[in-house]
Amino acid sequence: MAFQIVVLVSGFGSNLQALINQAQQEPDTFSIRAVISNREQVYALERARLANIPSYVISAKPGQTRDDYDQKLSQQLDELQPDLIVMAGFMRILSAKFTDRWQHKLINIHPSLLPKYPGLNTHQRAIDAGDSIHGISIHYVNAEVDGGPIIAQASLNITSNDNAETLAERIHHLEHQLLPAVVTAIASNKIRYNSHAHQVIFNQSQLIQPLSLEMLADLN
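Small disclaimer: the values here were computed from a predicted structure and weren't measured.

1. Overview of the overall build of the protein
Then, in step 1: Helix and strand counts for the protein come out as 7 helices and 10 strands.
Then, in step 2: The C-alpha atoms of the protein give 17 Å as radius of gyration, which agrees with the globular expectation for 220 residues (17 Å, within 12%).
Then, in step 3: Counting all 220 residues of the protein, 50% fall into the buried class.
Then, in step 4: Sequence separation of at least 24 residues holds for 62% of the intrachain contacts in the protein that already meet a minimum separation of 6.
Then, in step 5: Carbon and sulfur atoms make up 47% of the accessible area of the protein, which amounts to about 10,900 Å² in all.

2. Quick word on the pairing of strand β4 (residues 84–87)
Then, in step 1: Here β4 shows no split at all, with L84 and V86 on one side and I85 and M87 on the other all buried.
Then, in step 2: The sheet contact formed by strand β1 (residues 3–9) and β4 spans 4 bridges and is parallel. In the sheet register, L8 faces β4, and the bridge partner there is M87.
Then, in step 3: Bridging between β4 and strand β5 (residues 106–110) involves 3 bridges; their strand directions are parallel. Bridging from a neighbouring strand, M87 pairs with N108 of β5.
Then, in step 4: In this view, the connection linking β4 to its parallel neighbour β5 by way of helix α4 (residues 96–102) has right-handed handedness.

3. So, the side chain of S95
Then, in step 1: When you line up the elements, S95 lands in the loop between β4 and α4.
Then, in step 2: For S95, a relative accessible area of 7% gives the class buried.

Reading guide: rules and limits
Counting restarts for each chain: residues are numbered from 1 in the order of the written sequence. For this predicted model, a pLDDT threshold of at least 70 governs which residues receive local features, and a threshold of 80 or more governs which side-chain atom pairs are given and counted, while totals over whole chains, interfaces and linings are taken from all residues. Side-chain figures throughout are based on the complete set of non-hydrogen atoms in the structure, without hydrogens or water. Only DSSP runs of H or I covering at least 4 residues are called helices, and only runs of E covering at least 2 are called strands; the numbering of each starts at the N terminus. Only the C-alpha atoms count toward the radius of gyration. The rule for a globule is 2.2 Å times the residue count to the power 0.38. Three labels apply to residues, based on accessible area from a 1.4 Å probe with only protein chains included: buried if under 20% of the type maximum, exposed if over 50%, partly exposed otherwise in between. Any two residues whose heavy atoms approach within 4.5 Å are treated as being in contact. The method behind every accessible area is Shrake-Rupley, applied with a 1.4 Å probe, and residues are considered shielded solely by the protein chains displayed. Think of it this way: DSSP has to see at least two bridges between two strands before they count as a pair. The definition of a right-handed crossover adopted here requires that, viewed with the strands pointing away, the path from the first strand over the helix to the second runs clockwise.

Below is the structure:
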């Protein structure tokens, strides 16, 4: 059976689509067992429907604590038993209890070159800081917001014509390349997480610096 992933989403789902496309191209490498959204009626759910992928909506109820929500999410993941959980634009902060439980198989994509600019509004923050380079990071998830060991990064130059919207659009193109490449490498057991040492293992050795798109392409 192919490596099974579950994708967590909150919105439009363009990174989900990139994973769907990759899974369809390489069905023996990984497949998407399910999509889980914390919001109803987002387009990511339509993408799942069009690809015949089961989807679930787990929305927060009024007065519900973060721990209560995360327990419900964990229960759904227990039923699905994924090999990997991919946060692809999942706009919730997860509790330490949740991340401690799933950290060995939970990754996130973030639109900055971490450790720069954790949190929101990363494109505008990079422009306001006068940065010449911006990018994306994929990392294993821990209790720190946008923390955890970094797996891979990709970057681009910020031009004088860029604003937050144009930069976001250009960043999406990087995301759609890097995320499927990382998931493919994890599914092929070329990347894994040592949860005791909190280290990314790449080809049986500790990863010293984030992988690039070029390095990931060389794995195939």
